[in-house]
Structures are given as structure tokens and as C-alpha cells.
Amino acid sequence: MVIYPAIDIREGRVVRLTQGDFEKEKIYSENPVDVAFGWKEKGASALHIVDLDGAFFGKPQNLDVIQEIVDKVRIPVQMGGGIRNFEILEGIMDIGINRAVLGTSAILDELFLRKALLRFSERILVGLDVKGEKIAISGWQRLTDYKLDELLLKMGDLGLREAIITDIERDGMMNGPNISLFESLLKHIQHIKIIASGGISTMSDIMHLSRLPISGVIIGKALYEGKIDLGGMVKLLKDG
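Residues numbered from 1 in each chain as written. Predicted model: local features only at pLDDT ≥ 70, side-chain atom pairs only at ≥ 80, totals over all residues. Heavy atoms only, no water.

(A) Structural view of the overall build of the chain. A tally of helices and strands in the chain yields 11 helices and 12 strands. Against the compact-globule benchmark of 18 Å for 240 residues, the chain has a radius of gyration of 16 Å, which places it among compact chains. Based on the C-alpha atoms only, the size of the chain along its principal axes is roughly 40 × 40 × 35 Å. Residues classed as buried in the chain amount to 55% of the 240 residues present. Counted over contacts in the chain with a minimum sequence separation of 6, partners at least 24 positions apart contribute 66%. For the chain, the exposed area adds up to about 11,100 Å²; of that, 46% sits on carbon and sulfur atoms. Of the charged side chains in the chain, 30 are positive and 34 negative, and the gap between their average positions amounts to 3 Å. (Helix = DSSP H or I, 4+ residues; strand = E, 2+ residues; numbered from the N terminus. Rg over C-alpha atoms; globule rule 2.2 N^0.38 Å. Buried < 20%, exposed > 50% of the residue type's maximum accessible area, 1.4 Å probe, protein only. Contact = heavy atoms within 4.5 Å. Areas by Shrake-Rupley, 256 points an atom, 1.4 Å probe, with all protein chains shown as cover. Lys, Arg positive; Asp, Glu negative; His and termini not counted. Charge placed at Lys NZ, Arg CZ, Asp CG, Glu CD.)

(B) Local environment of the packing of aromatic side chains. Throughout the structure, instances matching the rule amount to 4 aromatic pairs. Note on F56 and F57: the rings are 5.1 Å apart at their centroids and 85 degrees apart in plane angle, and the pair reads as edge-to-face. Here F56 falls in the partly exposed class, since its relative accessible area comes to 43%. Residue classification places F57 among the exposed residues on the basis of a relative accessible area of 58%. What links up through ring pairs into an aromatic cluster is the set Y28, W39 and Y224. For the cation-ring pair, K115 lies above F86, with the distance from its terminal atom to the ring centre recorded as 4.3 Å. (Phe/Tyr/Trp six-rings, centres within 6.5 Å; stacked < 30°, edge-to-face > 60°. Lys NZ or Arg CZ within 6 Å of the ring centre and 35° of its normal.)

(C) Looking closely at the side chain of Q78. Inspection of the secondary structure assignment puts Q78 in strand β5 (residues 77-80). Given a relative accessible area of 2%, Q78 falls into the buried group. Within polar-contact distance, the side chain of Q78 engages the side chain of R99 at 3.0 Å. Ignoring anything within four residues of it in the chain, the contact list for Q78 reads Y4, L47, H48, I49, R99, V101, L125, I164, I195 and I218. (Polar contact = N/O pair within 3.5 Å; in protein donor to acceptor, adjacent residues only side chain to side chain.)

(D) Up close: the layout of surface pockets. Size it by volume and the largest pocket reaches roughly 200 Å³. In this structure, the largest pocket is lined by V130, G132, E133, K147, L148, D149, L181, S184, L185 and H188. The set of elements that each furnish at least two residues to the lining of the largest pocket consists of α7 (148-158) and α8 (179-188). The residue inventory of the lining of the largest pocket, partitioned by class, reads 4 nonpolar, 3 polar and 3 charged. (1 Å grid on protein atoms, 1.4 Å probe; cavity = no way out; pocket = protein on both sides within 12 Å on 5 of 7 lines; lining within 4 Å. Points joined across faces, edges and corners; volume = space filled by probe spheres on them. Nonpolar A, V, L, I, M, F, W, Y, C, P; charged D, E, K, R; others polar.)

(E) Fine view of the packing of α7 against α8. Orientation of α7 relative to α8, taken along the N-to-C sense of each, is 40 degrees, at an axis distance of 10 Å. Regarding the angle of α7 to α8, the classification is oblique. Considering how the two elements wind past one another, α7 and α8 form a crossing that is right-handed. Residues L148, D149, L152 and L153 of α7 lie in contact with α8, whose contacting residues are L181, L185 and H188. Of the residues assigned to the contact of α7 with α8, the class counts are 5 nonpolar, 1 polar and 1 charged. (Axes fitted to C-alpha atoms, helices over the stretch in contact; angles between N-to-C directions. Parallel < 35°, antiparallel > 145°, perpendicular 65-115°, else oblique. Left-handed = near helix turned anticlockwise from the far one by under 90°.)

(F) Spotlight on the packing of helix α1 (residues 32-41) against helix α3 (residues 63-73). Remark: α1 packs on α3, axes separated minimally by 9 Å, with the N-to-C direction vectors making an angle of 35 degrees. Taken as a pair, α1 and α3 cross one another with a handedness that is right-handed. Every residue of α3 that contacts α1 at P32, V33, A36, F37 and K40 is listed here: V65, E68, I69, K72 and V73. When its residues are assigned to classes, the contact of α1 with α3 shows 7 nonpolar, no polar and 3 charged.

(G) Just the nonpolar core, in detail. Counting 73 residues, the largest nonpolar core has I7, L47, L89, I124, L152 and I165 as its most contacted members. Not counting residues up to four positions away in its chain, the partners in contact with L152 are L128, L160, A163, I165, L185, I189, I192 and I194. A6, A46, I164 and I218 belong to the second largest nonpolar core, which has 8 residues in total. (Core = buried A, V, L, I, M, F, W, Y, C linked by side-chain atoms within 4.5 Å.)

(H) Geometry of unusual backbone geometry. Its identity as a non-glycine residue notwithstanding, E11 has a phi of 55 degrees, on the positive side. One can find E11 in the loop between β1 (2-10) and β2 (13-18). A positive phi angle, close to 50 degrees, is found at S121, a residue other than glycine. With respect to the helices, strands and loops of the structure, S121 is situated in the loop between α6 (110-120) and β7 (124-131).

Given below as C-alpha cells:
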């Protein structure tokens, strides 16, 4: 199971939002590159970067600093936020992003998702953000009526092999992940790997998730607030 430290970038700074609310922002650093180096030094083997401005405006806004992270830190980076057409997707891949995370575009534009999967295969992830029983899009600003398991199965038929599932109501709340959501989902979804996100706040949370067939976890606020020791967690998972 891969641990992905989250680096959410807004206006060139590392921030965290609470439940996806742009009005509930906390700034953790003015220098995302330094933050990325820090997570690498503590044992991170990959990073999860979100261009929050891109998610809000529909087009990446922080590519200069993201490319600097890719070029200087030199560990795999998966990135999402505003990747809503094929031209943008190709540009993201050209700067050295290891995997692109599609959200709104993958849900609303099946042709785009199909084309992305045909061109980039397993370098494409889909991020599905759940609030209650609904899936949110457009930077978590709009709720849809799509059902999570049905949508994943449909995307799997198109060739999707891995997805990030985020419980928005848990995100940034530090009250633990929605274990029942992942347990239920894994019973129905057999051929798509699941990366868990939202609410992971203790080493116990991670160990609980590691006992499920989860391919990775994304951790944000708990790392920035010092609730989880990344180096210790990486070592614990390696040992076993």
C-alpha cells in the first residue's frame, strides 16, 4: 500500500481545505517545493498534488511550481485539478507528471475519458469525491446524482484500472476515514484498485485500511498537523 502525502496548491501556496470549502483554508507553506522535498526525505515514494485553483477555474493554474516539484524532487507525482480536455492532459503529461487524476471531465465526458485511457492507459486515475450518497464535481462545488459503484463499473468497462475515492464530509475533519464506504465498495468493485482519501488522521486508521485490499492512501492534514509521523508509518508498513 502506497502512502501519498497530499500537496494542495492554491495561489502558489500549500493549503488545506476543510470539507472542500474554499472559505475554510489554512496555509501551511509558501513553498510547495520545500514541502515536497520534506515528504521525500521522510520516506514518501510518491506525491499527490492538487491544483485547487485548477479545480475551481477548470484549468490548471499552478503548473510552474508543479513542474519545479517534478524536476527537482524526482519521485512519481500524480496530479489533479482542472484537467478537463485532451490538450491540457497532454500538457500535464509532457511536464513529467507520472499519473493524471481526472475528475469532473471523466464523469461528464465519456469520450474524453475513453480517449485518455486509450492514449495513457494506467497513467490515468479518476478521482471520485463523495458527499453522502452523491458524487461532487467542479472542485466539490456541485453535487450530481451518479451512484459511486455504478459509475466505477462503467469506467472499468472503458479501461480504468485505479480510482481515488474521497469522502468529502471526512476530509480535513481529522475524525477517521469512512471505513464502511470502502468495505462496501470493495465488495462490488473487483477490477479497479482503490486509493482511499478523506479523514485519515492516525496511524491506526492507516493500519486498518492496510488490512483491506486498498492500493494506497492519501494523507493531508494529519501530516501537516503532526498527527501522523510519515517516516515511522512508512517503516511500519515495510516491516509488516
